[in-house]
Structures are given as C-alpha cells and as structure tokens.
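Geometric and topological summary
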Amino acid sequence: MTVLGAVFRPQNPPELLREAARVAEATGLEELWLWEDCFLESGIAAAAAALAWTERLRVGIGLLPVPLRNVALTAMEAATLHRLFPDRLILGVGHGVQSWMAQVGAHVESPVTLLSEHLAALRALLSGEQVTVSGRYVRLDAVALDWPPETPPKVYAGARGPRSIRLSGEHADGTLLDSIADADAVRAARTLIEEGRAASGRTDRHHVVANLLAVTGSDAEARLAAERTPEHAPGAGVAGDAHAIAAAVTMLAEAGADTVVLQTTADDPDPAAYLRFVAEEVRPLVS
C-alpha cells in the first residue's frame, strides 16, 4: 500500500509544530515531513521536538543540506535520534540549494561529489564503522560513533538532476523527489536509480518518496498557480477536493513512488487543519 505523508512547511512559525504533530498523530497520518530550508527552521531540532511530542508518528527530514554539515555531526545527530526514537526517523540529505549555500559561504565546486562522499561516510558511521577517508571534501581520521544505532538506519538522498538521481541509486537507500516531478518524472527517476544501483551492484530495496503540491479549498487553483515555478513538470501539482488529490497520489504511486508526501502552499494559514484533511479525507481514498 502506498505510504501517505504530509509536510509541515518551515514557512509556518515553529510554535505551530506541536499542534501539527499532535494532530498528525491523533488522526493516524503515517508520516510527517519537515524541511531544513534556509533560513527558516532546523530540520534536526524540529524533528526531535515532533518525535518527542508523539509516540507512533514517523518523522522525515527532507532534507539536510550537506554543505552546511560536517558528516560526523550529521551522524551524531541522526544516531542520537534513532536511538531515542527507534524506527521513527526518516533521514534525508542532499546538496541543497546552491544560491543558499553561497550565501553562507558553503558553496562547493562539485555538489555531486560532496554528496557522494557524505553519503558513503554517513552510512558507514551509522553502521558503527570506524571511518578514515581523505576525499575531495570529506576528511575523517579514525572517526567512529560511540553510540551508533543498534540497527543501521536508512539514509535517503534528495535529487533532481540525472547525475544526482543516479548517485542516489548508487549510494543511498532511498530517493527524495521534490514537487517539481510529475508521474513521467517519477518513471524516469526510477530508470536512473536502477542504473545507479546496477553500477554499484546493489540488490537491496530502494524506496522512492515523491512530493506532491496538493492544494484544497475554494481558492485552490489560484494558490497552486501562484506556487508553481517554471521548473515544475507539466503534470506536477493538483488543486481540488480529496478525490482529485487522491487520484494524483495514485498516479505517482503507479509511476513508482513508494511514498507520496503532500504539501500545501506556503501561505496556508492552518497547517494542522491541512494534516487532518490529508489523514481523514485523502488517506481513505488511496489504496
């Protein structure tokens, strides 16, 4: 069955997260996703709070931009959350928005190389290995976590371009596709992921998460149009009632998405109400 989640967007004030997390938990929503967009809210801090306020809800971070983070710090924070809240954190990393990375002095010449090195080191550290590496960007000298997770967690990679998507297939356990992707883009991504997996000889399961800009309400069409960008694929995004949104979810699932994460527009005044709508009205319509 398709996993359904929804985003608490960081354009919302942080103090609204508690109510949103509790509504997600109470309504049976499977996953609540958080973003670490510059310069809004911390992915790790927000995830820790949401996990602490709930007991069942799975919380995804989509994603942590690796230029901002030393890989040892990423591993320490992820390991701590996985041990505190076993099997409830979904960790996503990516090379981030390059204009934002330049703003903070973290822009690198080859974001794809950095992501590759970060993924390899992060997965090894979370598996309890001692890591020594001298890469182009990632350099570790006999680093090992004192408190690694008891079971190595899955690490997902955010990807847009063909190189990044192949890289995700090669080095990550799952791929995060953002809301610019439509069903055709999901199918194309699946092909690229398999190319990466074949190149590295991987045969384990690879999980694909697709984000869907899904807007409801009387002004849904206008709000969707205002949020779409030239980068959005022709079929990306949906405006309408629960049936229309469920149909769009099904299209992405049939194209190869294992999880579909719904996101409302940044100007939505009531994030908790949106989460309730997803759980109580959309979820029953998605097989």
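Data block above holds the structure.
Here the residue index of a chain counts from 1 through its sequence in written order. Totals for whole chains, interfaces and linings use every residue, but because this is a predicted model, local features are given only for residues with pLDDT of at least 70 and side-chain atom pairs only at 80 or more, for both listing and counting. Values shown for side chains rest on all heavy atoms present in the structure; no hydrogens or waters enter the calculation.

1. Some details on the overall build of the chain
Strands are runs of DSSP state E lasting at least two residues, helices are runs of H or I lasting at least four, and both sets are numbered from the N terminus onward. Helix and strand counts for the chain stand at ten helices and eleven strands. In this treatment the radius of gyration is a C-alpha quantity, and the globule benchmark scales as 2.2 Å times the residue count to the 0.38 power. Its C-alpha radius of gyration of 18 Å places the chain within 12% of the 19 Å reference for a compact globule of 287 residues. Reported as C-alpha extents along the three principal axes, the dimensions of the chain are approximately 55 × 40 × 40 Å. Going through the 287 residues of the chain one by one, you find that 56% of them count as buried. Throughout, a residue-residue contact means that at least one pair of heavy atoms, one from each residue, lies within 4.5 Å. Long-range pairs, those at least 24 residues apart, make up 74% of the contacts in the chain between residues at least 6 apart in sequence. Method for areas: the Shrake-Rupley scheme with a 1.4 Å probe, in which residue coverage is limited to the protein chains shown. In the form shown here, the chain has an accessible surface area of approximately 12,500 Å², with 53% of it arising from carbon and sulfur atoms. We treat Lys and Arg as the positive residues and Asp and Glu as the negative residues; His and chain ends play no part in the count. Charge positions are represented by NZ for Lys, CZ for Arg, CG for Asp and CD for Glu. Side-chain charges in the chain split into 24 positive and 37 negative, and the spacing between the mean points of these groups amounts to 4 Å. Buried means the residue's accessible area, taken with a 1.4 Å probe over protein chains only, is under 20% of the maximum for its type, while exposed means over 50%, and partly exposed covers the values in between.

2. Regarding the environment of A72
Its location among the elements puts A72 in helix α3 (residues 71-84). Take A72: its relative accessible area is 16%, and that puts it in the buried class. Dropping the residues within four chain positions of it, A72 is found in contact with L125, L140 and V143.

3. Considering a nonpolar patch on the surface
Together, F39, L68 and V104 make up a nonpolar patch on the protein surface, roughly 270 Å² of accessible area in all. Among the secondary structure elements, L68 is positioned in the loop between β3 (58-65) and α3. Each patch is built from salt-bridge-free residues with over 30% relative accessible area, joining like charges within 9 Å and nonpolar side chains (Val, Leu, Ile, Met, Phe, Trp, Tyr) within 5 Å. The salt bridge criterion pairs a side-chain nitrogen of Lys or Arg with a carboxyl oxygen of Asp or Glu, the two atoms within 4 Å.

4. A word on the packing of aromatic side chains
Two rings belonging to Phe, Tyr or Trp (six-membered ring only in the last case) form a pair when the distance between their centres is within 6.5 Å. Interplanar angles under 30 degrees mark stacking, angles over 60 mark edge-to-face geometry, and anything in between is tilted. Per the counting criterion, the structure on display carries one aromatic pair. Where Y274 meets F277, the ring centres are 6.2 Å apart and the plane angle is 40°; that geometry is what we call tilted. Taken together, the residues Y274 and F277, both in helix α10 (residues 271-282) and three residues apart, mark about one turn of the helix. According to the relative accessible area criterion, F277 is buried, its value standing at 10%.

5. Observations concerning the pairing of strand β4 (residues 89-94)
In terms of burial, β4 is largely enclosed, as six of its six residues are buried. Of the two faces of β4, the one holding L89, L91 and V93 and the one holding I90, G92 and G94 are both buried throughout. One ladder, built from five bridges, connects β3 with β4; its direction is parallel. Bridge assignment links I61 to a residue of β4, and that residue is L91. DSSP calls a pair of strands paired once it identifies at least 2 bridges connecting them. Bridging between β4 and strand β7 (residues 155-158) involves three bridges; their strand directions are parallel. The residue of β7 that forms the bridge with L91 is V155.

6. Focus: unusual backbone geometry
Residues C38 and F39 are joined by a peptide bond in cis, for which omega reads 0°. Along the chain, F39 turns up in the loop between β2 (31-34) and α2 (43-53). Omega for the peptide link from G62 to L63 comes to 20°, which places this bond in the cis form. With respect to the helices and strands, L63 occurs in strand β3. Of note in this structure, D87 is not a glycine but carries a positive phi near 65°. Looking at the element boundaries, D87 is found in the loop between α3 and β4. A relative accessible area of 63% means that D87 is categorised as exposed.

7. Points about the packing of helix α1 (residues 17-27) against α10
One can describe the packing of α1 onto α10 by two numbers: an axis separation of 9 Å at closest approach and a directional angle of 15°. Here α10 runs roughly parallel to α1, going by the angle between their axes. Both α1 and α10 take part in a crossing whose hand is right-handed. Residue-level inspection shows E19, A20, V23, A24 and T27 of α1 in contact with α10, the latter providing A272, L275, R276, A279 and E280. Between N-to-C directions, angles cover 0 to 180 degrees, with each direction set by a line fitted to C-alpha atoms, over the stretch in contact for helices. An angle below 35 degrees is read as roughly parallel, one above 145 as roughly antiparallel, one from 65 to 115 as roughly perpendicular, and any other as oblique. Here a crossing is taken to be left-handed if its near helix is turned anticlockwise relative to the far helix by less than a right angle, and right-handed if that turn runs clockwise.

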